[in-house]
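Residue strings, one per chain:
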Amino acid sequence: MRICLKKWVFNIFMLLGLFLWTSASAQEAKGKPQSPQGMVAIPAGKFIRGTKPDRANKICLQNSKVCKIAWFEDEEPLHLVQLRKFHIDIHEVTQQEFQRVMGENPSDFEGANLPVERVTWHEAVAYCKKLGKRLPTEAEWEWAAKGGTDLAFAWGENALSKKANFCDRHCP
């Protein structure tokens, strides 16, 4: 189940879209202090990264009949992370854009303006490389997603199947 949870987190990332990142310092070194077109600056900052297993297990039990605290033990130890300013795409990568750059669309839920999905990590890296960008580190992703808060999710403390791609105990 631990592997399934990690796949769930990875799939959320992919379904929210392939957010592309580029180093703010590289842009500033080129004399471009503004955000690249289509991107927004995420300010530098520091935060405590990780989750206490008992907190994660409590959230899991709100959404599933079967949860084990051991599934979340790799979320510790909590530790301070400090990040530099970076940039993130404002919008998810659409299927049309992915098709234009990569020559294919792996998505199951087809629609030119829908976010691309069913993209492997290697395909995402290749896509980013073609655009002169990169995927975020886990810490950068967490910092941008949580907006500097200590919430379990970007929207609050509860896992909501309407805000993330997962099937909880309330799914049909």
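That block above? That's the structure.
Residues numbered from 1 in each chain as written. Predicted model: local features only at pLDDT ≥ 70, side-chain atom pairs only at ≥ 80, totals over all residues. Heavy atoms only, no water.

(A) Seen up close, the state of the cysteines. A complete count under the given rule lists 1 disulfide for this structure. The disulfide that involves Cys 60 links it to Cys 67, with 2.0 Å between the sulfurs. Its torsion about the S-S bond being -85°, the disulfide of Cys 60 and Cys 67 is classed as left-handed. Cys 67 carries the same exposure label as Cys 60, and that label is buried. (Disulfide = S-S within 2.5 Å. Buried < 20%, exposed > 50% of the residue type's maximum accessible area, 1.4 Å probe, protein only.)

(B) The arrangement of the packing of aromatic side chains in detail. Applying the stated rule across the entire model yields 3 aromatic pairs. Arranged with centres 6.3 Å apart and planes meeting at 65°, the rings of Trp 71 and Phe 72 form a pair that is edge-to-face. Comparing Trp 71 with Phe 72, the two get one shared label, buried. Pairing Phe 98 with Tyr 127 gives two aromatic rings, centres 5.2 Å apart and planes at 20°, and the pair type is stacked. Here Tyr 127 lies in helix α5 (residues 121-130) and Phe 98 lies in helix α4 (residues 95-102), a separation of 29 residues in the sequence. The same class applies to Phe 98 and to Tyr 127, which are both buried. (Phe/Tyr/Trp six-rings, centres within 6.5 Å; stacked < 30°, edge-to-face > 60°. Helix = DSSP H or I, 4+ residues; strand = E, 2+ residues; numbered from the N terminus.)

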